[in-house]
Each structure stands twice: as structure tokens, then as C-alpha cells.
Amino acid sequence: MSTAGKVIKCKAAVAWEPNKPMVIEEIEVAPPQANEVRIKIVATGVCHTDLYHLFEGMHKDGFPAVLGHEGAGIVESVGPGVTEFQPGDKVIPLFISQCRECRFCKNPKTNQCEKGWASDSPDVMALAESRFTCKGKKVLQFMGTSTFSEYTVMNQMAVAKIDPAAPLDKVCLLGCGVCTGYGAAVNTAKVEPGSTCAVFGLGAVGLAAVMGCKAAGAKRIIAVDINPDKFEKAKVFGATEFVNPKDHNKPINEVLAEMTGGGVDYSLECVGNVAVMRSALESCIKGWGVSVLVGWTDLHDFAARPIQLIAGRTWKGSLFGGFKGKDGIPRMVKAYLDKKVMLDEFITHNMTVDQVNDAIELLKNGKR
């Protein structure tokens, strides 16, 4: 029986209010409107940005919401005006739109887009309009995606069509974490062959940054984390050395300077902590060192001494690894299918949507 044009009732994890566990509810997902597609979500990862919204950002206007933004699925139906997709297509939802028409989309220097939640309401992290309701209430679509639902509705400019051979339970990780870290090294830092890199924070984003540094030909890749359990995993992705700041009685930038003869060529901060961002900058060598902010946060100002930049260091940021989603994700899927990018090795647990709060706890405790 076709569900096209009908409201679908399905299971979703609803965050009714900040700093509280999500609740598994039956929600109603409206049919797609003009230029929209309805997607059956097959697999989703849990990303720290979901935790950020729930436990750190906690914007009062950002709830109730269905979280999740790192997913993959199959198009169930399409609305009027949709020509790029048809039912049955394998797709990855994008939390950054690519309308292909605005000044940002037309500029090769950026992956920003003037359309979507990121432009209209970055603090709330959701658009006011939603295709979700639950118990008679509108439920917001977090980052425009909401992959902690069995079905979601997206504008076609925020969906990437991928190779039908791609395993959705693996390539879902390309919807955020892996592209974010990998691209920060390859696209934003533009790591060069033979260089020395330091990656701060070894969650999925940091491990992907390590992988990106290796792919770019870095000679030394120093993994930095306060959890020593992370190093063996980091080695799998290409880390050559590991430093635990807790093992030293001096600032980490001094430790790295001693190890590298003055500092690393590239550093990537994959935590989202302003103090670590400063440490990462100060770990770079003067003259040409590049430090990239990758970890998502918007709670505090960051700070550094002007001389750090006057001396020739560059401090820059990276969103979704600089990838334009519709163009970049299919290429990354192909790279995975060609065994040029690892994905399976990032996966630590396979769980059902009913276990989403358990997954959040694992992530909070660094067990994934």
C-alpha cells in the first residue's frame, strides 16, 4: 500500500525540553510539499552536536525537536516540482543546503548557503516550519534533518543522492562527522605531504581528521586526547604518536613544540572547547603554522595574543569539512566504495532508535 500523499505515523526520539532524556514517541510526518522529499531513515549516527543542543546550547526556542543529523535513507515520496529525486533513491540528508543559486553556492571558496536553518536561525538550530507533529504539537526538525525519526521531510536542496551500491549503515557517517574531520584536514587546512600535524580530540571527527592528514601525505600525525584508550583507534587511522596532556606538567603547546622543533605545521581542534582552540593555535609553528577550528560551539569567546597571528600563524574555521554537500558527499561515498576512505572502523555500537538515550550516554562518556 502506497504511503505517498498520506500522513505517516512512525517512531521518533523527541527531545521535549533541554537537559532531559529524549522520549520515544509516535509522531506524524506530513507528506512532502513543493520541492520536498520524504525519506525513510535507515541508519543514523549520534554526533556531539546533538548533545550540544540538548545539554549545552539549550536554546529555549529549539524544543520540542527531533534530533539527529548524521543519517542515510531511501526516498519514500517526492513533492511537486522535485526532479532530482524519485522514490527508491538512496540519499544522505544535508544539514547545510546547497541551493546552487546563491552567491555562496556559486563561490568555490565556501560551502555556506543562504537557504535553510543555518542562515535563518543558527541559534535555534531549526527552522520554524516543520512537517512533524506529536500529540497535537509542532515538533521542530533539528538542523533541518531530524534523523532520530523513522521518516523525515527535507527540501531537495538539502539532500544528496548517492551510489545505490552504498551500505546505508556505514555511509550515514558521511552526513556529518567523517566529512567534517576529513575535510578540515584536506580542504580547509590543506595539509601538505611531509608535514607534521596535531589533532586535538579523538572522537569521530578527530579520527576522521587524522585520516585526512594521512591521506594528504602528512609525515607525523600527533594525536592529542586526555583519554588514553583512544590511541589504539587513532593508530588505525594513521596517527604516528600520542600525547595525553594529563601526563605532562607543562602546557600542551610547549610539549608539542619540544617534540617538533618549534611547533606543528597544522593543528586541528576537534573538541569544541575554546581553551583547547587556543592550545591548538599555540601549538603551531610561527611563520606558516595553520590551526583549524572544527569542534562545534557558540557559547564562549575565544582568545589569543595578537603576536601569535602577527608572527605568521593562520587561525581559521571549518564547517562540514568545507564540502559542498550535494557535490562532496557522493564523491566521499565513492571513495569509501573504492576503499580509499575508512568508515566501518568508526562504528563502535549498533543500536535501535529505542536505545538512543543509551547511545547519548556512551557518547558523553567517550565510549564510542
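Residues numbered from 1 in each chain as written. Predicted model: local features only at pLDDT ≥ 70, side-chain atom pairs only at ≥ 80, totals over all residues. Heavy atoms only, no water.

A. Quick look at the overall build of the protein. Helix and strand counts for the protein come out as eleven helices and 16 strands. Overall, the C-alpha framework of the protein stretches about 65 × 40 × 35 Å when taken along its three principal axes. One way to put it: in the protein the 42 positive side-chain charges average out to a point 4 Å from where the 40 negative ones average out. (Helix = DSSP H or I, 4+ residues; strand = E, 2+ residues; numbered from the N terminus. Lys, Arg positive; Asp, Glu negative; His and termini not counted. Charge placed at Lys NZ, Arg CZ, Asp CG, Glu CD.)

B. Quick look at helix α1 (residues 48–57). Considered for burial, the residues of α1 that qualify are Thr49, Asp50, Leu51, Tyr52, His53 and Leu54. Looking at the packing, one finds that the buried side of α1 touches β1 (8–15) and α11 (356–364). Backbone geometry just after α1 places methionine 58 at a positive phi near 50 degrees. (Buried < 20%, exposed > 50% of the residue type's maximum accessible area, 1.4 Å probe, protein only. Contact = heavy atoms within 4.5 Å.)

C. How the structure looks around the packing of aromatic side chains. Inspection of the entire model under this criterion finds five aromatic pairs. Taken together, a centroid distance of 4.6 Å and an interplanar angle of 20 degrees make the contact between phenylalanine 302 and tryptophan 315 stacked. Of this pair, phenylalanine 302 sits in the loop between β15 (290–293) and α9 (306–310) while tryptophan 315 sits in strand β16 (residues 314–317), and the two are 13 residues apart along the sequence. For phenylalanine 302, a relative accessible area of 43% translates into the label partly exposed. Linked through ring pairs, Phe95, Phe320 and Phe323 together constitute an aromatic cluster. (Phe/Tyr/Trp six-rings, centres within 6.5 Å; stacked < 30°, edge-to-face > 60°.)

D. Spatial organisation of the domain arrangement of the protein. Domains assigned within the protein are domain 1 (8–177 + 322–365) and domain 2 (190–317). Contacts between the two partners involve eleven residues from domain 1, matched on the other side by twelve residues from domain 2. Looking only at domain 1, the three residues that lose the most surface to domain 2 are Tyr52, Met342 and Phe346, adding up to 47% of its buried area. Linking domain 1 with domain 2 are zero salt bridges, by the criterion used here. (Domains from an automatic or database assignment. Buried area = accessible area lost by both parts, 1.4 Å probe. Salt bridge = Lys/Arg side-chain N within 4 Å of Asp/Glu carboxyl O.)

E. Local environment of unusual backbone geometry. Residue proline 64 is reached from phenylalanine 63 by a cis peptide bond, and omega for that bond is -5 degrees. Along the chain, proline 64 turns up in the loop between α1 and β4 (65–66). One non-glycine residue with positive phi stands out, namely methionine 143, at about 55 degrees. Here methionine 143 is to be found in the loop between β8 (137–141) and β9 (151–155). A relative accessible area of 2% places methionine 143 in the buried class.

F. Structural view of the sheet that holds strand β10 (residues 159–161). What the five strands build is an open sheet, ordered β9-β3-β5-β6-β10; its pairing is antiparallel. Bordering the open sheet on either side are β9 and β10, each of which pairs with just one other strand. Each strand axis lies, on average, 45 degrees off the axis of its neighbour in the sheet, ignoring direction. As defined by bridge partners, strand β3 (residues 36–44) adjoins strand β5 (residues 71–78) across seven bridges and the pair is classed as antiparallel. Across the sheet, residue lysine 40 finds its bridge partner in β5, namely isoleucine 74. Contacting β6 (90–93) and β10, helix α10 (residues 325–337) runs over the sheet at an angle of about 40 degrees to β10. (Pairing = 2+ DSSP bridges. Axes fitted to C-alpha atoms, helices over the stretch in contact; angles between N-to-C directions.)

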